[in-house]
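Each chain, letter by letter, is given below.
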Amino acid sequence: QALLAESGGGLVRAGDSLTLSCKASGGTFSAYTMGWFRQAPGKEREFVSSISRSSNRFYADSVIGRVTISRDNGKNTVDLQIDSLKPEDTAVYYCAAGTVYYGRGYTSTDDFDDWGAGTQVTVSS
């Protein structure tokens, strides 16, 4: 089981950039698919981005071109850089880890087992 701790959230202005970081402990980090999801008030948790064990990257259509995900297996961290932030990016951002097995995907909440507590990102217009 991975224990995940997010950091880097805050209050930013539209157009700014922000990098969220997730530190994992427990388990074998390099064996996990790592992902980022977000949840805005009154909405369901939605996929933002994920990165496989071999560093294949996946992005939601709503953020493609503005978001970059990266992982450092030596530091057990996964980062999410978000550029050109918009007010609609305001949400709690969650880091997630998923054990890989045949048939499992990379973009659904069901594809991930362990979750961090989340970090708030608020974008002012």
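Residues numbered from 1 in each chain as written. Predicted model: local features only at pLDDT ≥ 70, side-chain atom pairs only at ≥ 80, totals over all residues. Heavy atoms only, no water.

Caption draft 1: Examining the nonpolar core more closely. Counting 32 residues, the largest nonpolar core has Leu4, Leu20, Met34, Trp36, Val78, Leu80 and Tyr93 as its most contacted members. Listed by contribution, the elements that provide at least two residues to this core are strand 3 (18-25), strand 4 (32-39), strand 5 (46-51), strand 7 (67-72), strand 8 (77-82), strand 9 (91-99) and strand 11 (119-124). Residue contributions to this core peak at five residues, all from strand 9. Residues within four places of Leu4 in sequence aside, it is in contact with Cys22, Lys23, Ala24, Met34, Cys95, Ala96, Ala97, Asp114, Trp115, Gly116 and Ala117. (Core = buried A, V, L, I, M, F, W, Y, C linked by side-chain atoms within 4.5 Å. Buried < 20%, exposed > 50% of the residue type's maximum accessible area, 1.4 Å probe, protein only. Helix = DSSP H or I, 4+ residues; strand = E, 2+ residues; numbered from the N terminus. Contact = heavy atoms within 4.5 Å.)

Caption draft 2: Structural context of the packing of aromatic side chains. Scanning all chains against the criterion turns up five aromatic pairs. Between Phe37 and Phe47, the aromatic rings sit 5.7 Å apart at their centres with planes inclined by 70°, giving edge-to-face as the arrangement. Here Phe47 lies in strand 5 and Phe37 lies in strand 4, a separation of ten residues in the sequence. This pair shows no difference in class: Phe37 is buried, exactly as Phe47 is. Over the face of the ring belonging to Tyr94 we find Arg45, whose NZ or CZ atom lies 3.7 Å from the ring centre. (Phe/Tyr/Trp six-rings, centres within 6.5 Å; stacked < 30°, edge-to-face > 60°. Lys NZ or Arg CZ within 6 Å of the ring centre and 35° of its normal.)

It is worth stressing that arrangement in space is one thing and function is another; only the former is reported here.
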